[in-house]
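Structural characterization, general
What follows is the residue order along each chain.
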Amino acid sequence: MTPPLDCKHVFEKLDDYLDRELSPQEMTRVEEHLRDCEHCALDAQFESQVLDSLKERMRRLTIPDSLKQRVLDSLNDA
């Protein structure tokens, strides 16, 4: 059995946790810590809200056609 994560390690894994990029075992270990540690749970909630806000703002952005074309051209040249 693996030992529980401490706050430092949870903080280091928090971005990957919120992006769901951890292994199932690591996700479970972080979730267990967040259930027991109010401070880390509040940090995780805050970061999650920031990410959600950024994602929503990104969805409302419009990209000029000229930029899209330049990116596509750059990718095709690579």
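The structure this text deals with has already been given above.
This structure is a prediction, so every number in the text was calculated from the model and none was measured.

1. Side note on the packing of helix H1 (residues 7-18) against helix H2 (residues 24-36)
Contact pair H1 / H2: the axes reach a minimum separation of 10 Å and the direction vectors enclose 120°. Judged by the angle between their axes, H1 and H2 are oblique. Crossing angle aside, the handedness with which H1 passes H2 is left-handed. Each of Cys7, Val10, Lys13 and Tyr17 in H1 lies in contact with H2, whose residues at this interface are Glu26, Met27, Val30, Glu31, His33 and Leu34. Here the residues of the contact of H1 with H2 sort into 6 nonpolar, 1 polar and 3 charged.

2. Here we look at unusual backbone geometry
A positive phi angle, near 55°, is found at Arg20, a position not held by glycine. Of note, Arg20 is situated in the loop between H1 and H2. Take Arg20: its relative accessible area is 66%, and that puts it in the exposed class.

3. Quick word on the nonpolar core
Ranked by size, the top nonpolar core spans 12 residues in total: Leu5, Val10, Leu14, Tyr17, Leu18, Leu22, Met27, Val30, Leu34, Cys37, Cys40 and Ala44. For this core, the secondary-structure elements that each account for two or more residues are H1, H2 and helix H3 (38-60). Broken down by element, the residue count for this core peaks at 4 residues, all from H1.

4. So, the pattern of salt bridges
Under the criterion given, the structure shown has 4 salt bridges. For the salt bridge of Glu12 with Lys8, the shortest nitrogen-to-oxygen distance reads 3.5 Å. In this pair, Glu12 and Lys8 are both assigned in helix H1, 4 residues apart and thus about one turn of the helix distant. Looking at Glu12, the relative accessible area reads 48%, which means it is partly exposed.

5. Thoughts on a negative patch on the surface
Residues Asp15, Asp16, Asp19 and Glu21 make up a contiguous surface patch of negative charge. Take Asp15: it is sitting in helix H1.

6. Considering the side chain of His33
The topology assignment puts His33 in helix H2. Each residue touching His33, except ones within four places of it in the same chain, is listed here: Leu5, Asp6, Cys7, Val10 and Cys40.

Calculation notes
- Residues numbered from 1 in each chain as written.
- Predicted model: local features only at pLDDT ≥ 70, side-chain atom pairs only at ≥ 80, totals over all residues.
- Heavy atoms only, no water.
- Axes fitted to C-alpha atoms, helices over the stretch in contact; angles between N-to-C directions.
- Helix = DSSP H or I, 4+ residues; strand = E, 2+ residues; numbered from the N terminus.
- Parallel < 35°, antiparallel > 145°, perpendicular 65-115°, else oblique.
- Left-handed = near helix turned anticlockwise from the far one by under 90°.
- Contact = heavy atoms within 4.5 Å.
- Nonpolar A, V, L, I, M, F, W, Y, C, P; charged D, E, K, R; others polar.
- Buried < 20%, exposed > 50% of the residue type's maximum accessible area, 1.4 Å probe, protein only.
- Core = buried A, V, L, I, M, F, W, Y, C linked by side-chain atoms within 4.5 Å.
- Salt bridge = Lys/Arg side-chain N within 4 Å of Asp/Glu carboxyl O.
- Patch = residues over 30% accessible without salt bridge, like charges linked within 9 Å, V, L, I, M, F, W, Y side chains within 5 Å.
- Areas by Shrake-Rupley, 256 points an atom, 1.4 Å probe, with all protein chains shown as cover.
- Lys, Arg positive; Asp, Glu negative; His and termini not counted.
- Charge placed at Lys NZ, Arg CZ, Asp CG, Glu CD.

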